[in-house]
Amino acid sequence: MSRIDEVLLNLQRSSPAQGEFYQAAEEVLESLQILLDADPRYIEQGVVERMVEPERQILFRVAWTDDDGRIRVNKAYRVQFNSALGPYKGGLRFHPSVTAGVIKFLGFEQIFKNALTGLSIGGAKGGADFDPKGRSDGEVMRFCQSFMTELHRYIGPAVDVPAGDIGVGAREIGYLYGHYQRLTGRYEGALTGKGLNWGGSLGRKEATGYGCVYFAEHMLNELALGLQGTTCLVSGAGNVAIHTIEKLIQLGATPVSCSDSTGTLYHPAGIDLDALKKIKEVERKSLVAYLEAHSDAEFTPLADYPSDGHAVWRYSAEVAFPCATQNELTEADAQALLANGVRCVSEGANMPSTAEAVRCFLDAGIAYGPGKAANAGGVATSQLEMQQNAGLTQWSMPKVEDRLRDVMAGIYRLCRDTAQEFGSPGNLVLGANIAGFRRVADAMIDQGLR
Ligand code: NDP
Ligand code: 2IT
């Protein structure tokens, strides 16, 4: 049995029932065989074994009262995975599907994503199985305050800097930051994604979606193609999907779909961004509401999805942007996309394609940008927010956008060149995993046993 197989088997024994985490670990470790063969230090010094084990996992109870005065209890997590490159950095997810395994997979991916940005940030992730949907602002505020009452002792600008993810946007970051400030008495960059007049960075809100589109542009340019005039499928209808759609429209592409937890919207004339923002950001409603103003659009409710996948991937387009959640694109979805002529897939979400779907894209030889590379613009801009906070300054939108463009170009080149170096030109999965791992692993070796 290879060392990698041993490590993977041991993970399943020591951390049972963490399917998403094994999936993420398997993908990364399988890419590494060729690197481990070339440089024995990574095995000799136990780097692989250390890399899959979080430095620290904090599990805590969040008790809060709902509007009827009833006491509610949620499970919460912060997994501080690796700090070899800098303070822990990564988002917080509030969603009923959150488990220890989900947070661990996200924290693991974050290590390599953050390394690819070239910036000094370690990897972490956190969250809770709290569902903000249908909760009043008061309930969300009380939950966030209780969550921060416990978390504040483990974070800080040079220690660990959480941000948003699914279910954690501007409103939640506001409540979390307000409470951090009250508890510690310190006004400092302990969270990113803050409001613009209280320490936030211009461009952070847009960064993940915009960065994901820039990444697609680099992949398409390599094929002597461009985004302008293309038809694009986007899934999700949250922060990442909305700003992906926004940038696609700015660049002359036509995004024709989006999706949420109630179903898929398809609008062949092109998604009306203002209508989408109003429904999802202001009214917090289901996408079905879009039909009220656009009778030429169609909505497929969840109940009518194909049994082997998702309605959003069954339409025809040249480029696809999965921007909702993990494993939202199955093997059958990948085959449908390929049959319908997709040339490029750029992942805004974390691990949205199943392992089998990834295999289909790689076998077909299309341009495929894995999440840890394509969606790194969000965390990179979070790090720019940390820089601004540390310097007590605020940069202009053009300056932030220029830096974001540079970071995404750098990530693309690094993944492309690393894939080439290891004999798999065009395989950005291999390129991203090896390049991310190597940067962290080398730092761990330099720093001695930790
Ligand atoms: P949001 O909460 O803003 O939006 C998530 C969207 O996906 C919503 O439209 C939601 O539907 C839908 N969704 C979430 N879970 C499910 C599910 N289980 N089934 C169906 N639909 C679902 O989150 P973000 O846009 O911030 O995050 C989207 C993805 O991007 C995640 O994978 C996240 O980890 C990743 N990401 C986010 C970054 C960021 O900066 N925010 C950075 C890098 C990656 P509904 O509207 O009905 O709730
Ligand atoms: O998955 C991610 O990269 C994020 N949710 C953003 C993390 C961050 O710290 O900005």
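Above this note sits the structure.
Since the structure is predicted, the reported quantities are computational estimates derived from the model, not experimental observations. (Residues numbered from 1 in each chain as written. Chains lettered and ligands numbered in written order. Predicted model: local features only at pLDDT ≥ 70, side-chain atom pairs only at ≥ 80, totals over all residues. Heavy atoms only, no water.)

## So, the sheet that holds strand E7 (residues 254–255)
Here's step 1: The strand order across the open sheet formed by five strands is E7-E6-E11-E12-E13, and the pairing between neighbours is parallel. On the outer flanks of this sheet lie E7 and strand E13 (367–369), each paired with one strand and no other.
Here's step 2: Pairing geometry for strand E6 (residues 231–234) and strand E11 (residues 319–321), over three bridges, is parallel. Bridge assignment links cysteine 232 to a residue of E11, and that residue is valine 319.
Here's step 3: Where helix H8 (residues 204–222) meets the sheet, its contacts fall on E11, strand E12 (344–346) and E13, and the angle it forms with E12 comes to roughly 150°. (Pairing = 2+ DSSP bridges. Helix = DSSP H or I, 4+ residues; strand = E, 2+ residues; numbered from the N terminus. Contact = heavy atoms within 4.5 Å. Axes fitted to C-alpha atoms, helices over the stretch in contact; angles between N-to-C directions.)

## Some details on the site of ligand 2
Here's step 1: Lining the immediate environment of ligand 2, one finds 14 residues, of which Lys89, Lys113, Asp165, Arg204 and Ser382 sit closest.
Here's step 2: At a separation of 2.8 Å, an oxygen atom of ligand 2 approaches a polar side-chain atom of lysine 113.
Here's step 3: A distance of 3.1 Å is found between a nitrogen atom of ligand 2 and a backbone nitrogen or oxygen belonging to glycine 164.
Here's step 4: Alone, ligand 2 offers 300 Å² of accessible surface; in the complex the protein occludes 94% of this.
Here's step 5: At the level of secondary structure, the elements contributing two or more residues to the shell around ligand 2 comprise strand E3 (88–94), helix H5 (100–116) and helix H14 (377–390).
Here's step 6: Taken together, the residues of the shell around ligand 2 sort by class into two nonpolar, seven polar and five charged. (Near = heavy atom within 4 Å. Polar contact = N/O pair within 3.5 Å; in protein donor to acceptor, adjacent residues only side chain to side chain. Areas by Shrake-Rupley, 256 points an atom, 1.4 Å probe, with all protein chains shown as cover. Nonpolar A, V, L, I, M, F, W, Y, C, P; charged D, E, K, R; others polar.)

## With respect to the nonpolar core
Here's step 1: Counting 55 residues, the largest nonpolar core has Phe215, Leu248, Leu276, Phe321 and Ile411 as the members making the most contacts within it.
Here's step 2: Of the residues forming this core, the biggest block, nine residues, is contributed by H8.
Here's step 3: Phenylalanine 215 has contacts with Ser346, Gly369, Ala373, Ala374, Met408, Ile411, Tyr412 and Leu428, leaving out every residue within four places of it along the chain.
Here's step 4: In this structure, Met51, Val102, Ile103 and Ala443 belong to the second largest nonpolar core, which totals 42 residues. (Core = buried A, V, L, I, M, F, W, Y, C linked by side-chain atoms within 4.5 Å. Buried < 20%, exposed > 50% of the residue type's maximum accessible area, 1.4 Å probe, protein only.)

## Things to note about the site of ligand 1
Here's step 1: Surveying the vicinity of ligand 1 reveals 25 residues, the closest of which are Lys133, Asp165, Thr208, Ser261 and Asn350.
Here's step 2: Contacts to ligand 1 include valine 240, whose backbone N or O atom sits 2.9 Å from an oxygen atom.
Here's step 3: Interatomic distance of 2.4 Å between a side-chain N/O atom of serine 261 and an oxygen atom of ligand 1.
Here's step 4: Considering ligand 1 on its own, with 890 Å² of exposed area, one finds that the protein chains cover 83% of that surface.
Here's step 5: Broken down by class, the residue content of the shell around ligand 1 amounts to six nonpolar, twelve polar and seven charged.

## What to know about the packing of aromatic side chains
Here's step 1: Within the structure shown, the criterion is met by 19 aromatic pairs.
Here's step 2: A centroid spacing of 5.6 Å and a plane angle of 20° characterise the contact between tyrosine 177 and tryptophan 198, whose relative ring orientation is stacked. With tyrosine 177 in helix H7 (residues 170–184) and tryptophan 198 in the loop between H7 and H8, this pair connects stretches of sequence that are 21 residues apart.
Here's step 3: Its relative accessible area of 4% is what places tyrosine 177 among the buried residues.
Here's step 4: Each member of the aromatic cluster is reached from another via a ring pair, and the members are Phe60, Trp64, Phe94, Phe130, Phe143 and Phe147. (Phe/Tyr/Trp six-rings, centres within 6.5 Å; stacked < 30°, edge-to-face > 60°.)

## Some points on the pattern of salt bridges
Here's step 1: One pass over the full model with this rule turns up 31 salt bridges.
Here's step 2: One salt bridge in this structure joins glutamate 222 and arginine 416, with 3.4 Å as the shortest N-O distance. Taken together, the residues span a long stretch of sequence, with glutamate 222 in helix H8 and arginine 416 in helix H15 (residues 397–421) at a distance of 194 residues.
Here's step 3: Of the charged contacts, one joins glutamate 283 and lysine 285 as a salt bridge, the two residues approaching to 3.5 Å between their closest N and O atoms.
Here's step 4: Judged by relative accessible area, which is 38%, lysine 285 ranks as partly exposed.
Here's step 5: Taken together, the shared-partner salt bridges in this structure form one network comprising Lys247, Glu401, Asp402 and Arg405. (Salt bridge = Lys/Arg side-chain N within 4 Å of Asp/Glu carboxyl O.)

## A word on the sheet that holds strand E5 (residues 160–163)
Here's step 1: The mixed open sheet is built from five strands, whose spatial order is E1-E2-E4-E3-E5. Single-partner strands in this sheet number two, and they are strand E1 (56–65) and E5. Across the sheet, the mean angle from the axis of one strand to that of its neighbour is 20°, orientation sign disregarded.
Here's step 2: Bridge analysis of E3 against strand E4 (residues 122–128) gives five bridges, and the strand direction is parallel. Note on E4: the bridge partner recorded for tyrosine 88 is glycine 122.

## A closer look at the side chain of histidine 179
Here's step 1: Relative to the helices and strands, histidine 179 is located in helix H7.
Here's step 2: Other than its neighbours up to four places away in sequence, histidine 179 contacts Gln145, Met148 and Thr149.

## Some words on the pairing of E1
Here's step 1: Examined bridge by bridge, E1 and strand E2 (residues 71–82) share ten bridges and lie antiparallel to one another. The residue bridging threonine 65 from the neighbouring strand is isoleucine 71, located in E2.
Here's step 2: Count of turn residues in the E1/E2 antiparallel hairpin: five residues, of which glycine 69 carries a positive phi of about 85°.

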